[in-house]
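# A closer look at the structure
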Amino acid sequence: MAAEISDRVREIAEARGLPESEVFERALERGLEDLWEDLVLARYLDGELDREEAIERVGRTKVERAERERTVVEEDVDWGLNA
Amino acid sequence: MLAAVPDAGPVIHLAEIDSLDLLSVFDTLLVPETVYREVEAGGVPDALSDIPYERVEADERHVETEELDAGERAAIAVAKEHEVVLLTDDLVAREAASDVGVEVHGSIGVIALGCGRGLIERGEAASLMRALQRETSLFVTDAVVERGIQLLDEQ
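Residues numbered from 1 in each chain as written. Chains lettered and ligands numbered in written order. Predicted model: local features only at pLDDT ≥ 70, side-chain atom pairs only at ≥ 80, totals over all residues. Heavy atoms only, no water.

## With respect to the packing of aromatic side chains
The description of an aromatic ring pair rests on the distance of the ring centres and on the angle between the ring planes. The criterion, for reference: Only Phe, Tyr and Trp rings are paired, with Trp represented by its six-membered ring, and only when their centres lie within 6.5 Å; those with planes under 30 degrees apart are stacked, over 60 edge-to-face, the remainder tilted. Secondary structure elements follow DSSP: runs of H or I of four or more residues count as helices, runs of E of two or more count as strands, with numbering from the N terminus. Note on exposure labels: buried denotes an accessible area under 20% of the residue type's maximum, exposed denotes more than 50%, and partly exposed covers the range between, all computed with a 1.4 Å probe on protein chains only. Geometrically, a charge over a ring is one whose NZ (Lys) or CZ (Arg) sits within 6 Å of the ring centre while staying within 35 degrees of the ring normal.
All told, the structure shown has 1 aromatic pair over all chains when counted by the stated rule. Seen from their ring centres, W79(A) and F26(B) are 6.5 Å apart, and the 20° between their planes marks the pair as stacked. Residue W79(A) is found in helix 4 (residues 60-82), and its partner F26(B) is found in the loop between helix 1 (8-16) and strand 2 (28-32); the two belong to separate chains. No difference in accessibility class separates W79(A) from F26(B), as the two residues are buried. One Lys or Arg, R55(B), reaches over the ring of Y36(B) and ends 3.7 Å from the middle of that ring.

Here it is in structure tokens:
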């Protein structure tokens, strides 16, 4: 995995004409953004954050998508355990 | 009797977490030819040969949603014709199926079903749900999977 990451970083850096350090920096930013969105949505779904605040932080599309997914997962688990 | 027809999604996603055998929980499993060909394009998972299933032709003329691919349309058509559960992980296909009165569930439902029928323990079901989110091409929000696991524990 480590070798694969190094290879990818090198290939991206060469293709984009960037120093490898900047590729790492951008990867960290993107990864952090994903983790942040997960945290906001988890807090919203757990009732710790209200809907408007969640929308303000991650956008309406992601909140609405999470709501649809939640409904689907709840239906599926309920069906699976009781079918 | 529990009968189902999957589109390619659940077959691929369950294979990706080495849990295709959970589909054996269904008494009858129908696989439309179109869906089989879609799965075949990526390489038929070895575990599929261990599951009893019947390949069927679908009459897709009554499923006109252009947003769906051929396999999804075929699976909905078979589900409607045979009055069986549709298995899909695609939200649009799920809504289209519900709109025509088809009962529909996804890979997470299959895992919960395996748990409910005693094929796997709750702890394993939770691990598989997390693996489904982290290790497969299925897109589902991390927090939503955790909500599903929480429900497993509550019931």
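After that view of the structure, there is still more to cover.
## Thoughts on the pairing of strand 1 (residues 3-6) of chain B
Residue and element names in this part refer to chain B. Threshold: Two strands qualify as a pair provided that DSSP identifies no fewer than 2 bridges between them. Orienting the strands away from the viewer, one traces the path from the first strand over the helix to the second; a clockwise path indicates a right-handed crossover.
Alternating residues of strand 1 divide into A3 and V5 and A4 and P6, and every residue in both groups is buried. As judged from the 2 bridges shared by strand 1 and strand 2, these two strands associate in the parallel manner. Each bridged residue has a counterpart across the sheet, and for A4 the counterpart in strand 2 is L29. This β-α-β element, strand 1 to helix 1 to strand 2, shows right-handed connectivity. With 3 bridges connecting them, strand 1 and strand 4 (residues 85-87) associate as parallel partners.

Any link to function would need more than the numbers given here.
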